[in-house]
Amino acid sequence: MNILETKFADAILIEPKVFGDHRGFFMESYNEETYKKHGIDMNFIQDNHSLSQQSGTLRGMHYQLAPKAQTKLIRVTRGAIYDVIIDMRKSSPTYGQWQGFILSAENKRQLLVPKGFAHGFCTITEDTEVQYKVDELYSPEHDRGIAWDDPALSIDWPVNNPILSDKDKQHPTLAEAENNF
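Residues numbered from 1 in each chain as written. Predicted model: local features only at pLDDT ≥ 70, side-chain atom pairs only at ≥ 80, totals over all residues. Heavy atoms only, no water.

Q: Would you mind going over the overall build of the protein in detail, with residue names and values included?
A: When helices and strands are counted, the protein shows 1 helix and 13 strands. In sequence order, the protein lays out its α and β elements as β-β-β-β-α-β-β-β-β-β-β-β-β-β. Compactness check: the protein gives a C-alpha radius of gyration of 16 Å against a globular reference of 16 Å for 181 residues, within 12% of the reference. Overall, the protein is about 50 × 35 × 30 Å in size when its C-alpha atoms are taken along their principal axes. Counting every position in the protein, which comprises 181 residues, the buried fraction comes to 47%. (Helix = DSSP H or I, 4+ residues; strand = E, 2+ residues; numbered from the N terminus. Rg over C-alpha atoms; globule rule 2.2 N^0.38 Å. Buried < 20%, exposed > 50% of the residue type's maximum accessible area, 1.4 Å probe, protein only.)

Q: Would you mind going over the layout of surface pockets in detail, with residue names and values included?
A: Of the volumes computed, that of the largest pocket is approximately 460 Å³. Along its surface, the largest pocket is lined by 22 residues, and Arg59, His62, Lys72, Tyr132 and Lys167 are the ones closest to its centre. Every element with two or more residues in the lining of the largest pocket is listed here: strand 5 (46-52), strand 6 (58-64), strand 11 (117-123) and strand 12 (128-134). Looking at which element gives the most residues to the lining of the largest pocket, the answer is strand 6, with 5 residues. Taken together, the residues of the lining of the largest pocket break down into 8 nonpolar, 9 polar and 5 charged. The computed volume of the second largest pocket comes to approximately 160 Å³. Looking at the lining of the second largest pocket, its residues break down into 6 nonpolar, 2 polar and 2 charged. (1 Å grid on protein atoms, 1.4 Å probe; cavity = no way out; pocket = protein on both sides within 12 Å on 5 of 7 lines; lining within 4 Å. Points joined across faces, edges and corners; volume = space filled by probe spheres on them. Nonpolar A, V, L, I, M, F, W, Y, C, P; charged D, E, K, R; others polar.)

Q: Lay out empty space enclosed by the protein with the relevant residues and their values.
A: This structure, assessed with the given rule, holds 1 cavity of 30 Å³ or more. Quantified by volume, the largest cavity comes out at close to 60 Å³. In terms of lining residues, the largest cavity is bounded by 13 residues, among which Tyr63, Gln64, Gln70, Lys72 and Phe117 are the most central. Listed by contribution, the elements that provide at least two residues to the lining of the largest cavity are strand 6 and strand 11. In terms of residue count, the dominant contributor to the lining of the largest cavity is strand 6 (3 residues).

Q: Pulling in residues and values, what's your account of the packing of aromatic side chains?
A: Applying the stated rule across the entire model yields 5 aromatic pairs. Here the aromatic cluster, defined as three or more aromatic residues joined through ring pairs, consists of Tyr30, Tyr35 and Phe44. In this structure, lysine 108 packs its charged tip against the face of phenylalanine 25, placed 4.1 Å from the ring centre. (Phe/Tyr/Trp six-rings, centres within 6.5 Å; stacked < 30°, edge-to-face > 60°. Lys NZ or Arg CZ within 6 Å of the ring centre and 35° of its normal.)

Q: Lay out the pairing of strand 1 (residues 2-5) with the relevant residues and their values.
A: On any regular strand, side chains alternate: one points to one face of the sheet, the next to the other face. Where strand 1 meets strand 2 (residues 12-15), 4 bridges bridge the pair, whose relative direction is antiparallel. Looking across to strand 2, one finds that asparagine 2 is bridged to glutamate 15. Turn length for the strand 1-strand 2 hairpin, with the two strands adjacent in sequence and antiparallel, is 6 residues, and the turn residue aspartate 10 shows positive phi of about 80°. (Pairing = 2+ DSSP bridges.)

Q: I'd love a proper account of the pairing of strand 2, names of residues and values included.
A: Relative to strand 10 (residues 110-113), strand 2 runs antiparallel, the two sharing 3 bridges. Note that in strand 10 the partner of isoleucine 12 across the bridge is leucine 112.

Q: Go over the nonpolar core with me, naming the residues and quoting the values.
A: A general tendency of soluble globular proteins is for nonpolar side chains to be buried together. By size, the foremost hydrophobic cluster in this structure holds 19 residues, and its most contacted members are Ile86, Ile146 and Trp157. When residues of this core are traced back to their parent elements, those giving at least two are strand 6, strand 8 (80-87) and strand 11. Non-local contacts of isoleucine 86, meaning those with residues more than four positions away in its chain, are made with Met61, Gly96, Gln97, Trp98, Gly116, Phe117, Ala118, Ile146, Leu153 and Ile155. (Core = buried A, V, L, I, M, F, W, Y, C linked by side-chain atoms within 4.5 Å. Contact = heavy atoms within 4.5 Å.)

Q: Report on the environment of aspartate 21, specifying residues and quantitative values.
A: In this structure, aspartate 21 sits in strand 3 (residues 18-21). Owing to a relative accessible area of 37%, aspartate 21 belongs among the partly exposed residues under this scheme. A polar contact of 2.5 Å, which involves the side chain of aspartate 21, links it to the side chain of arginine 23. (Polar contact = N/O pair within 3.5 Å; in protein donor to acceptor, adjacent residues only side chain to side chain.)

Q: Can you tell me about the environment of isoleucine 74, naming the residues and giving the values?
A: Note that isoleucine 74 resides in strand 7 (residues 72-78). Taking relative accessible area as the criterion, isoleucine 74 reaches 0% and is therefore assigned buried. What isoleucine 74 contacts, discounting residues up to four positions off in sequence, is Asp83, Leu103, Arg109, Gln110, Leu111, Val113, His119, Val130, Gln131 and Tyr132.

Right, here's the structure in full:
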C-alpha cells in the first residue's frame, strides 16, 4: 500500500494495493500486520457503515472528547465524498486548519483520522456508502461537533446548501466548541 502524507502530523491518506482484471478487483481493506509495518498501530474495536441517499448530504464536523476520543479509518464503498478534517490539537502548529480529500469507491483511498481531529464529509454522488473503523466506542456524553460553516475556518465545501441533520445544524464554531485536546 502507498502512504500519502497530509499537511497534518499523524493524519494519512492510504492507497491500498488493488488487483483488478476482467472480473473486477480484489483488495485488502485492512490488514493489521501490514498497517503496523507502516506505523499504523491501532486497536480498532468497531466498524460503522452509513448510507446517504442524496448528493449534497453533509455529516459533520464530529469528534468525541477525551478520554473517549476516536481514531477513524474511513473508506467509501459506493459513491464518493469530499472528506474534511480539522486539527483541534491546541498545541499543534496546524491547530484550526482543515484539509479536504476525495474518497470514492473508484479511487479506494482511505483516510486515517487521529484523535484530536474533527471529521465530516459531504456526499458528491447519490447513494453513497461510507464505512469506517474506530478505536473507541461511541459515547453520547463525549460526542461534540463544530459548525460545518464556521466562517473562521472557511471550509470549501462542494455545496452551499447541504442536507443536514438537526443535530449538525446546531454545532458551535471552533472558537466556541468544547475542546480538551
